[in-house]
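Coordinate inspection notes
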Amino acid sequence: MRRCFEDKGGPGRTSIPTHDLNFRIALEALRDIQLLDAILRNIDKVDVGSVALERLVRDPPLPHSGNISRGRDLQAELLVAAACVSGGMKNVRLTEPDVAATIDEERWGIAVKRVKSQSRITDNIKEAARQAHEAHIPAAIYIDVSQALDPDDEQMITPMTDEAFNLRLRDGMRQAIR
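A quick note: this is a predicted structure, and the numbers were derived from the prediction, not measured. (Residues numbered from 1 in each chain as written. Predicted model: local features only at pLDDT ≥ 70, side-chain atom pairs only at ≥ 80, totals over all residues. Heavy atoms only, no water.)

What follows deals with the environment of Q131. The residue Q131 is located in helix α4 (residues 121-134) in this model. Distance from Q131 to I141, taken between C-alpha atoms, is 9.5 Å for residues 10 residues apart in sequence. (Helix = DSSP H or I, 4+ residues; strand = E, 2+ residues; numbered from the N terminus.)

Reading across from one edge, β1-β2-β3-β4-β5 is the order of the 5 strands in this open sheet, with mixed pairing throughout. If you trace the sheet from one side to the other, it starts and ends with β1 (46-47) and β5 (139-144), each paired once. Taken together, the 6 bridges between strand β4 (residues 106-114) and β5 define a ladder with parallel strand orientation. By the bridge assignment, K113 is partnered in β5 with I143. Relative to β4, helix α3 (residues 70-86) is tilted by about 145°, and along the sheet it contacts β1, β2 (90-94), β3 (99-103), β4 and β5. In this fold α4 packs onto β4 and β5, with an angle of close to 155° to the strand it touches most, β4. (Pairing = 2+ DSSP bridges. Contact = heavy atoms within 4.5 Å. Axes fitted to C-alpha atoms, helices over the stretch in contact; angles between N-to-C directions.)

Of all hydrophobic cores here, the largest spans 16 residues; its most connected members are V92, L94 and V99. At the level of secondary structure, the elements contributing two or more residues to this core comprise α3, β2, β3 and β4. When residues of this core are assigned to their parent elements, the largest contribution, 7 residues, is made by α3. Non-local contacts of L94, meaning those with residues more than four positions away in its chain, are made with D47, V48, V51, L74, E77, L78, A81 and V99. (Core = buried A, V, L, I, M, F, W, Y, C linked by side-chain atoms within 4.5 Å. Buried < 20%, exposed > 50% of the residue type's maximum accessible area, 1.4 Å probe, protein only.)

Encoded structure:
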């Protein structure tokens with residue numbers, strides 16, 4: 001993101017106009033910063049084991065810039081782990097199926113999947129179910145479908161009410177699972 005604000009041979013920029021080639025990257029970076037903020041608020045209570053957190057910053061700036069995005073996969077797992085901590089779960093750690101936590105003295109797992117295309121939604125659900133089953137603990141599945149519903153990385157920068165957004169999201173989900 002820093003590169004978006006650098007001006008070759010001149011002073012740094014304080015804003016990026018919508019017509020600038022770096023505008024989409026800057027918007028995605030802001031989204032990443034918000035997710036990282038949510039993660040960092042709780043990361044000290046998550047046992048990340050030997051996970052290399054440097055993976056978070058090694059991915060391309062836009063989600064569809066490459067097929068394999070281990071950093072964004074880890075970001076999704078950490079976000080789920082942070083939500084578990086925020087929800088009062090104990091002993092949260094990154095382990096199989098992806099995240100595990102204790103709820104009312106019982107160990108639970110969560111398989112985390114980022115679906116990158118609508119055609120892969122069913123395959124990802126099956127993979128997550130297999131992964132959850134092999135963990136040998138009760139488990140749930142968390143699926144991030146934001147990329148599948150937005151294959152062209154279009155940014156929604158139009159102000160809209162929560163109600164309008166929820167309707168648009170619901171319509172997109174219906175189209176995705178047909």
